[in-house]
Amino acid sequence: MSKKEWPLWEVFIRSKAGLNHKHVGSLRAADATMAVENARDVYTRRSEGISIWVVESMNIHASDPAEADSLFEPADSKVYRHPTFYDVPDGISHM
Amino acid sequence: MKELNLNELERRFQEKIDKDIKIEPNDWMPENYRQTLIRQISQHAHSEIVGMLPEGNWITRAPNLRRKAVLLAKVQDEAGHGLYLYSATETLGADREETIDDLHSGKAKYSSIFNYPTLTWADMGAIGWLVDGAAIMNQVPLCRCSYGPYARAMVRVCKEESFHQRQGFEIMTTLANGTPEQKAMAQDALNRFWWPALMMFGPNDADSKHTEQSMRWKIKRHSNDELRQQFVDVTVPQAEMIGLTVPDKDLKFNEQTGHYEYGEINWDEFWEVVKGNGPCNKDRIDVRRKAKEDGEWVREAANAFAEKRARKKSA
């Protein structure tokens, strides 16, 4: 029998209906089903969740933090995307 | 990315730290920062895992079902804490198996407190109250540590550990209010665990070689002696409240400073235990090694089962 190390999984928990799943950490497990079972024991011992997602860590693709400035720069220069950019005359409500 | 020289990268890194911007796994970090964190977080993980042993020793002998259920939950939490922390070391590029092998070979350290034996039920009280109390004092500032995954793990750990300390203090209170024999048992446990608990904060500031750099990197927020003082200040009145005596003849409250002054810690004993010559060092590591060896077939079976399930799914 090979001494294969269990793969790494990222764990996402939905804490209650209506909220999105949120990354909580990672763990090792032989397959997805066991990863969900382990996540139940490791990350929800105090009713922290009603739903669990697991994704094998190797399948996560991330942006490069070193490129963050240029990647997010376009949003920084477009202040007109925010409502506070606009002048609204005094006395106008419901806007 | 523009080519930056090392000095410039380090300058920018320190600038982020100074502005309290967290460092995340893929961010550039100095090699020393990475290694310091791997060492500290893995030692912390090992302490959680080895820390299950002195208490595991008493699960089958807990005095009633309530105490047994509580102790079982506490030990399970410690396993969980070890797992959060091993995961955090993996985000730094450490290999989990190698990390665990370093513990088993004696290369990696863990908290010296777990090398003391748990001789009576009162020791479960003393450990929860003093050892978890000291651990919480150490861990609360780590929730603001500059490394994101470590800080987040600590937030979870601290939330869970507040019950650990309370259940220990409850055991001590019950015994201290019990028969003379029970009270004597509680006092004996306090006598044996008081000084090792003070040692948990590590060497005096003057002898702590990593403190200065760790504080500059905001891995550490308070020095060993500051945290130790804080622990003494909050714990001594708790002992008095339940009628137990802290085993330190030099202990006295200083009205001027508002702090307790305490006696000299036996640092020779501390270093002996750190070097592996404590009462239970060998036993703890032997048990860990055996657990890993005995669990080998389970890990293999899980792999075999995963393969079988995958084959069925694709068929």
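Described in the following lines is the structure provided in the data block. None of these values were measured; they are calculated from a predicted model.

## Considerations on helix α13 (residues 296-314) of chain B
No. 1: The end-to-end C-alpha separation of α13(B) is 27 Å, in line with the 27 Å expected for 19 residues at 1.5 Å each.
No. 2: For α13(B), every residue scored as buried is listed here: B:A302, B:N303 and B:A306. The buried residues of α13(B) occupy an angular sector of 95° when the element is viewed end-on, so they sit on one face. Turned more than 90 degrees off the buried face of α13(B), the exposed positions are B:W297, B:R311 and B:K312.
No. 3: Of the surrounding secondary structure, the elements contacted by the buried residues of α13(B) are α1 (32-43) of chain A.

## A look at the side chain of B:H164
No. 1: Note that B:H164 resides in helix α7 (residues 148-176).
No. 2: Excluding residues within four positions of it along the chain, B:H164 makes contact with B:K74, B:D77, B:E78, B:H81, B:G128 and B:D132.

## Here's the deal with the packing of aromatic side chains
Residue and element names in this part refer to chain B.
No. 1: In the structure shown here, the tally under the stated rule is 13 aromatic pairs over all chains.
No. 2: Ring centres 6.4 Å apart and planes at 65° place the aromatic pair W58 and W121 in the edge-to-face group. Of this pair, W58 sits in the loop between α3 (52-56) and α4 (65-91) while W121 sits in the loop between α5 (96-104) and α6 (122-142), placing them 63 residues apart in sequence.
No. 3: Residue W121 is classed as buried on the basis of its relative accessible area of 11%.
No. 4: Put simply, the rings of F13, W28, Y33 and W217 pair up and form one aromatic cluster.
No. 5: Over the ring of W58 we find R61; its NZ or CZ atom is 4.2 Å from the centre of that ring.
No. 6: Here R156 stacks its cationic end above the ring of Y84, 5.0 Å away from the centre of that ring.

## What to know about the pattern of salt bridges
All names here are of chain B.
No. 1: According to the stated counting rule, one finds 38 salt bridges over all chains in the structure shown.
No. 2: Between R221 and D20 there is a salt bridge, and its shortest N-O distance comes to 3.5 Å. Here D20 lies in the loop between α1 (6-18) and α2 (31-50) and R221 lies in the loop between α9 (211-216) and α10 (224-241), a separation of 201 residues in the sequence.
No. 3: Salt-bridge contacts for D294 lead to K290; the nearest nitrogen and oxygen are separated by 2.8 Å. Residue D294 and its partner K290 are both found in helix α12 (residues 281-294); the two are separated by 4 residues, about one turn of the helix.
No. 4: Judged by its relative accessible area of 41%, D294 is partly exposed.

Cut-offs and rules
- Residues numbered from 1 in each chain as written.
- Chains lettered and ligands numbered in written order.
- Predicted model: local features only at pLDDT ≥ 70, side-chain atom pairs only at ≥ 80, totals over all residues.
- Heavy atoms only, no water.
- Helix = DSSP H or I, 4+ residues; strand = E, 2+ residues; numbered from the N terminus.
- Expected span 1.5 Å × (residues − 1).
- Buried < 20%, exposed > 50% of the residue type's maximum accessible area, 1.4 Å probe, protein only.
- Arc of directions from axis to C-beta.
- Contact = heavy atoms within 4.5 Å.
- Phe/Tyr/Trp six-rings, centres within 6.5 Å; stacked < 30°, edge-to-face > 60°.
- Lys NZ or Arg CZ within 6 Å of the ring centre and 35° of its normal.
- Salt bridge = Lys/Arg side-chain N within 4 Å of Asp/Glu carboxyl O.

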